[in-house]
Amino acid sequence: LEPGCEYIEELIKLMEDAPAIAIDMSFDKLMQPKEICSLSSQIRHAYGYNKRAKCPFKLYLTNYDEEKGATAQILKKDSGYDRWIMRRTSKDYVDVFGSDKVVYLSSESDCVLEYLDPKVTYIIGGLVDKNRYKGLCFEEAQKRNVKTAQLPIGKFMAGATRKVITVNQVFDIL
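One structure accompanies this document, and this report is about it.

Rules behind the numbers
- Residues numbered from 1 in each chain as written.
- Predicted model: local features only at pLDDT ≥ 70, side-chain atom pairs only at ≥ 80, totals over all residues.
- Heavy atoms only, no water.
- Helix = DSSP H or I, 4+ residues; strand = E, 2+ residues; numbered from the N terminus.
- Buried < 20%, exposed > 50% of the residue type's maximum accessible area, 1.4 Å probe, protein only.
- Lys, Arg positive; Asp, Glu negative; His and termini not counted.
- Salt bridge = Lys/Arg side-chain N within 4 Å of Asp/Glu carboxyl O.
- Polar contact = N/O pair within 3.5 Å; in protein donor to acceptor, adjacent residues only side chain to side chain.
- Contact = heavy atoms within 4.5 Å.
- Pairing = 2+ DSSP bridges.
- Expected span 1.5 Å × (residues − 1).

Let us now look at the side chain of Asp28. Along the chain, the position of Asp28 falls in the loop between β1 (20-24) and α2 (33-52). The buried charged residue Asp28 lacks any salt bridge, with Lys29 as its nearest oppositely charged partner at 7.0 Å. Within polar-contact distance, the side chain of Asp28 engages the side chain of Thr71 at 2.5 Å. Filtering out sequence-adjacent residues up to four positions away, Asp28 remains in contact with Ile36, Gly69, Ala70 and Thr71.

Further remarks concern the sheet that holds strand β3 (residues 87-88). The strand order β3-β2-β1-β5-β4-β6 describes an open sheet built from 6 strands, whose pairing is parallel. Looking at which strands have only one partner, the edges of the open sheet turn out to be β3 and β6 (147-149). As paired elements, strand β2 (residues 58-62) and β3 share 2 bridges and run parallel to each other. Within β3, the position partnered with Tyr60 by the bridge is Arg87.

When you line up the elements, Arg52 lands in helix α2. A sequence separation of 41 residues divides Arg52 from Leu11, and the C-alpha atoms of the two residues are 8.9 Å apart.

Right, let's talk about the environment of Ile123 for a bit. If you trace the backbone, Ile123 turns up in strand β5 (residues 121-125). With 62 residues separating them along the chain, Ile123 and Leu61 place their C-alpha atoms 9.6 Å apart. Setting aside anything within four residues of it in sequence, one finds Ile123 in contact with Ala22, Asp24, Tyr93, Val102, Val103, Tyr104 and Leu105.

Within an α-helix, residues lying three or four positions from one another point in the same direction, as the helix has 3.6 residues per turn. For α2, spanning 20 residues, the distance from its first C-alpha to its last is 29 Å, which sits close to the expected 28 Å at 1.5 Å a residue. Taken residue by residue, α2 has Glu35, Ile36, Leu39, Ser40, Gln42, Ile43, Ala46, Tyr47, Gly48 and Asn50 as its buried positions.

At Asn63, a position not held by glycine, the phi torsion is positive, near 55 degrees. For Asn63, the location among the structural elements is in the loop between β2 and α3 (70-75). Here Asn63 falls in the buried class, since its relative accessible area comes to 17%. Even without glycine at this site, Asn145 takes up a positive phi of about 55 degrees.

Moving on, we get to the pattern of salt bridges. By the definition in use, this model includes 5 salt bridges. Notably, a salt bridge pairs Glu35 with Arg132, separated by 2.6 Å at the nearest N-O pair. With Glu35 in helix α2 and Arg132 in the loop between β5 and α5 (136-143), this residue pair connects regions lying 97 residues apart in the sequence. According to the relative accessible area criterion, Glu35 is buried, its value standing at 6%.

What follows concerns the environment of Pro56. Locating Pro56 in the fold gives a position in the loop between α2 and β2. In sequence terms Pro56 and Gly80 are 24 residues apart; their C-alpha atoms lie 18 Å from each other. Each residue touching Pro56, except ones within four places of it in the same chain, is listed here: Leu11, Leu14, Met15, Ala18 and Asn50.

Read these as geometric descriptors, not functional statements.
Structure representation (structure tokens):
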């Protein structure tokens, strides 16, 4: 789809008043090559869900190293990557949105997210780690005095016993 296309213009208009979701890409160096491939795939799926959604989110990649980041190198191979309606920045999510206007989604949080506030940016940890770094996103959010919340997974994923889910599963629930 070319810029200026009615579909693209409508999508951008729908995103104007929508809540924002940022994927925190600061964990690239902690992942194995297979995990980086998995995260790249999850981001592509999430982007696709968002693009087709009736109420799409504003989507960001923060702490994103477009030049040297392993995940970025894989994503850039996607033929439509240059046309993705997604903001990409090397800045940290706190610097972009402010620590008082973000909620980091983490299964370790005591708070359960019941509704989405359009004035809040929801942060998803861009980490595939097979539980090697359990609780890392939660700890990082606490160090920065950022609010946290867990998704009500049981309501949306029948038979779910795990609270840790993939980036694209988070999009499905939101």
